[in-house]
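Listed below are the residues making up each chain.
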Amino acid sequence: MKLLNKTYSEEALIKGCIDNDRKCQKALYMQYFDTMYRMCRKYLKQEDEILSVLNNGFLKVFQNIESFAGKGSFEGWIRRIVYHDMVEYLRGQNRYHQFIVFDKEHHAQPEKETPSGALDDLYYNDIIDLLSSIPPKAAEVFQLYAIEGYNHREIGEKLEMSENTSKWYLAKARQALKDELKKKSINKNIAG
């Protein structure tokens, strides 16, 4: 990342942010802003909501940057923090159902067919656990699209498939997740 004629490596950027260096914080923010913005824009349509979630998410990134263990993608780590902040925001706005499994462009079935309250109980880790119970390629496409904010063209390039194949896997993942949620709801009702 280059800022004011200074180039930062990812390692230097992280260390600078840990040391509370404002230039490094600004560089990190500028480097990842567009990607995180696109992810949030999928689910938050109002500019003030998007910026509020983004700024709060980046604040959490800066507050927790010492916990980044260097394993996996740094961008993925940031995405998870911003994503989780967006989930919490939507949960508070009672728009969580639409966010997780449904998308305005992909309403295959009316929302009322979703088990009552099942989605309300989900958190990020629950979603990841549910993804492990559906076919791996469908889970991977769902995670890239719904959690990490990639579009179908980007997913196609990343996974070497067509955009339509990516859309097919996403629809398959959504249906599998709904089926898993129904099972979970039925088991919860039997146990309760």
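Calculation rules
- Residues numbered from 1 in each chain as written.
- Predicted model: local features only at pLDDT ≥ 70, side-chain atom pairs only at ≥ 80, totals over all residues.
- Heavy atoms only, no water.
- Disulfide = S-S within 2.5 Å.
- Buried < 20%, exposed > 50% of the residue type's maximum accessible area, 1.4 Å probe, protein only.
- Helix = DSSP H or I, 4+ residues; strand = E, 2+ residues; numbered from the N terminus.
- Contact = heavy atoms within 4.5 Å.
- Expected span 1.5 Å × (residues − 1).
- Polar contact = N/O pair within 3.5 Å; in protein donor to acceptor, adjacent residues only side chain to side chain.
- Axes fitted to C-alpha atoms, helices over the stretch in contact; angles between N-to-C directions.
- Parallel < 35°, antiparallel > 145°, perpendicular 65-115°, else oblique.
- Left-handed = near helix turned anticlockwise from the far one by under 90°.
- Nonpolar A, V, L, I, M, F, W, Y, C, P; charged D, E, K, R; others polar.
- Salt bridge = Lys/Arg side-chain N within 4 Å of Asp/Glu carboxyl O.

Points about the state of the cysteines
As enumerated under the stated definition, the model contains 0 disulfides in all. Here Cys 24 stays free of any disulfide, with the sulfur of Cys 17 as its closest cysteine sulfur at 5.6 Å. According to the relative accessible area criterion, Cys 24 is buried, its value standing at 3%.

Some details on the environment of Phe 58
Considering the arrangement of structural elements, one finds Phe 58 in helix H3 (residues 47-64). Assessed through its relative accessible area of 1%, Phe 58 is described here as buried. Each C-alpha atom, one on Phe 58 and one on Tyr 29, is 7.1 Å from the other, the two residues being 29 residues apart in sequence. Discounting residues that sit within four places of it in the chain, Phe 58 has contacts with Leu 28, Tyr 29, Tyr 32, Phe 33, Met 36 and Ile 78.

Focus on helix H4 (residues 74-92)
Taking 1.5 Å per residue, 19 residues should reach 27 Å; H4 reaches 28 Å between its end C-alpha atoms and fits that length. Residue Ser 73 occupies the N-cap position of H4, its side-chain oxygen lying 3.2 Å from the main-chain nitrogen of Glu 75.

Details of the packing of helix H7 (residues 136-147) against helix H8 (residues 152-159)
Packed helices, taken two at a time, are described by their axes: the angle between them and the distance between them. It is the contact of H7 with H8, at a shortest axis distance of 10 Å, that shows an interaxial angle of 135 degrees. Between H7 and H8, the interaxial angle falls into the category oblique. Read as a crossing pair, H7 and H8 show a hand that is right-handed. Only His 152, Ile 155, Lys 158 and Leu 159 of H8 make contact with H7, whose side of the interface consists of Lys 137, Glu 140, Val 141, Leu 144 and Tyr 145. In the contact of H7 with H8, the residues fall into 5 nonpolar, 1 polar and 3 charged.

Concerning the pattern of salt bridges
Any two side chains of opposite charge can pair, given that their charged atoms come close. In total, this model carries 5 salt bridges according to the counting rule given. Its salt-bridge partner being Lys 137, residue Glu 140 comes within 3.8 Å of it at the nearest N-O pair. Of this pair, Glu 140 and Lys 137 both sit in helix H7, 3 residues apart, which is roughly one turn of that helix. Close ionic contact of Glu 157 with Arg 153 constitutes a salt bridge, the shortest N to O distance being 3.2 Å.

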